[in-house]
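Overview (structure and organization)
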Amino acid sequence: MSNELSFAVIGCGFWAQYQIAAWQELAGVKLVAVCDQSDERAQQTAKKFGVSNYYTDAKNMLEQESLDFVDIITTIETHQKFTQLAARHQLPAICQKPFAPDLDTARQMIMAHRAAGVPLFVHENFRWQAPIRRVKSILDSGEIGEAFKGRVTFTSAFPVFDNQPNLAELDKFILADVGSHTLDMVRFLFGEAVNLRCLTQRVNPNIAGEDVANVLLEMESGVHCYAEMSYASVLEKEVFPHTLLLVEGSKGSVRLDHNYRITVTNREGSYRKVATPKKYDWANPDYALVHSSMVDINKNFLTALQNGTKPETTAADNYRTLQLVYECYRSAKMKQVITLEEPIFS
């Protein structure tokens with residue numbers, strides 16, 4: 001690979017507009033082509049970002065372009081098709097979340113890239129949000145002692161369906177969409193889980209899937225973690241797209257509030273700090289926190305591709321998050337505690 005890596009994007013929908021902008025914040029990488037099944041969307045995206053080549057057929061694009069990697073920013077039902085296409089062209093790929101519609105498909109995707117000898121990454125950016133990273137650093141410092149309880153909260157009434165109408169049609173909604181973020185943050189903060197119990201509800205009658213999920217997890221570390229997700233919560237303060245945290249430890253606690261404010265408390269008292277993410281002109285104000293984290297995760301991917309190292313969110317790592325998502329569905333259906341099996345991939 002050359003010093004400047006060339007890449008293409010498959011999918012020119014809502015999220016692609018911001019992921020491409022995030023890539024353009026980084027030196028050493030260049031977008032050379034875009035692809036979308038809509039010729040109009042592909043053409044408009046190419047023009048917006050100053051790209052000469054646009055396609056409506058991904059296979060044709062990969063055959064025509066000289067690429068170092070591909071970023072797949074499409075809906076879940078197409079992920080296997082496009083990641084395996086990249087593998088056949090021996091191209092590293094970054095795949096949007098949720099990674100796969102089931103664990104068998106995820107395994108096939110991972111194995112296709114392993115057989116091709118090229119990496120497969122997952123764009124799981126919530127753990128890269130500035131406040132989440134700051135809380136993690138506090139936990140790792142030992143400042144609040146040994147953590148024993150955690151609460152990870154993503155509750156909102158934000159009209160997410162306005163920008164992503166396809167979400168209303170999903171049979172599996174909040175756990176697959178938000179849960180892939182929330183449960184990944186649980187893993188990032190507390191390690192792996194040994195068992196879980198999940199309850200789900202559908203409050204909005206106009207959608208197909210569940211819009212509320214509550215999960216209690218027991219972690220290998222001994223931490224008891226409560227993860228709550230909702231797009232049906234009309235609250236005094238709308239906090240979308242913030243994730244709120246509370247972690248209790250043997251020496252104190254740390255709390256993350258919606259305004260990026262982190263409060264650390266011990267027996268002597270409390271102090272506060274603010275972990276404000278970097279602001280970008282291209283970010284949508286409603287999603288600015290998330291859009292900022294896209295730059296950081298893309299930088300992590302770029303460094304890995306340049307140096308041949310592993311980023312944080314490889315497909316094999318994200319398989320563990322996906323396992324939690326689908327075991328939550330199984331727990332909710334069976335109304336049982338699920339003991340987690342050791343994942344196949346490491």
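Placed above this text is the structure.
This write-up is about the structure you can find in this document. Note that the coordinates shown come from a computational prediction; the quantities given were computed from them, not determined experimentally.

What to know about the pattern of salt bridges
Going through the model one piece at a time under the given rule, you end up with 19 salt bridges. The salt bridge partner of aspartate 36 is arginine 41, with a shortest N-O separation of 2.8 Å. Aspartate 36 gets classed as buried once you look at its relative accessible area, which sits at 7%. The salt bridge partner of arginine 320 is glutamate 342, with a shortest N-O separation of 3.0 Å. Here the residue arginine 320 occupies a position in helix H11 (residues 315–334), and glutamate 342 occupies one in the segment after strand S15 (338–339), the gap between them amounting to 22 residues. Its relative accessible area of 17% is what places arginine 320 among the buried residues.

Things to note about the packing of helix H5 (residues 103–116) against H11
Any two packed helices are characterised by how steeply their axes cross, that is the angle between the axes, and by the distance between the axes. Between H5 and H11, the shortest axis-to-axis distance is 10 Å and the interhelical angle comes to 175 degrees. Regarding the angle of H5 to H11, the classification is roughly antiparallel. The residues of H11 that touch H5, namely those facing Leu103, Ala106, Arg107, Ile110 and Arg114, are Ala315, Ala316, Tyr319, Leu322, Gln323 and Tyr326. Classifying every residue of the contact of H5 with H11 by side-chain character gives 8 nonpolar, 1 polar and 2 charged.

Considering the nonpolar core
Membership of the largest hydrophobic core comes to 116 residues, with the highest contact counts inside it found for Trp23, Phe99, Leu175, Phe190, Val215, Leu217 and Val254. In terms of residues, this core owes the most to one element, H11, which gives 9 residues. Residue contacts for leucine 175: discarding those within four places in its chain leaves Ser180, Cys198, Thr200, Glu210, Ala213, Val215, Met229, Val325, Cys328 and Tyr329.

Overview of helix H1 (residues 14–23)
The buried fraction of H1 amounts to 9 of the 10 residues, a majority that puts the element mostly inside the structure. Among the residues of H1, those classed as buried are Trp15, Ala16, Gln17, Tyr18, Gln19, Ile20, Ala21, Ala22 and Trp23.

Considerations on the side chain of threonine 74
Relative to the helices and strands, threonine 74 is located in the loop between strand S4 (69–72) and helix H4 (79–88). Here the side chain of threonine 74 touches threonine 78 through a polar contact of 2.6 Å, side chain to side chain. Excluding residues that lie within four positions of it along the chain, threonine 74 makes contacts with Ile10, Gly11, His79, Phe82 and Gln96.

A few points about the pairing of strand S8 (residues 193–201)
Judged from the 8 bridges that link them, S8 and strand S9 (residues 212–219) form a sheet pairing that is antiparallel. Considered in S9, the bridge of arginine 197 is made with leucine 216. By the bridge criterion, 2 bridges tie S8 to S15 in an arrangement that is antiparallel. Directly across from asparagine 195, in S15, lies its bridge partner threonine 339.

About the cut-offs
Residues numbered from 1 in each chain as written. Predicted model: local features only at pLDDT ≥ 70, side-chain atom pairs only at ≥ 80, totals over all residues. Heavy atoms only, no water. Salt bridge = Lys/Arg side-chain N within 4 Å of Asp/Glu carboxyl O. Buried < 20%, exposed > 50% of the residue type's maximum accessible area, 1.4 Å probe, protein only. Helix = DSSP H or I, 4+ residues; strand = E, 2+ residues; numbered from the N terminus. Axes fitted to C-alpha atoms, helices over the stretch in contact; angles between N-to-C directions. Parallel < 35°, antiparallel > 145°, perpendicular 65-115°, else oblique. Contact = heavy atoms within 4.5 Å. Nonpolar A, V, L, I, M, F, W, Y, C, P; charged D, E, K, R; others polar. Core = buried A, V, L, I, M, F, W, Y, C linked by side-chain atoms within 4.5 Å. Polar contact = N/O pair within 3.5 Å; in protein donor to acceptor, adjacent residues only side chain to side chain. Pairing = 2+ DSSP bridges.

Shape descriptors only; they carry no functional weight alone.
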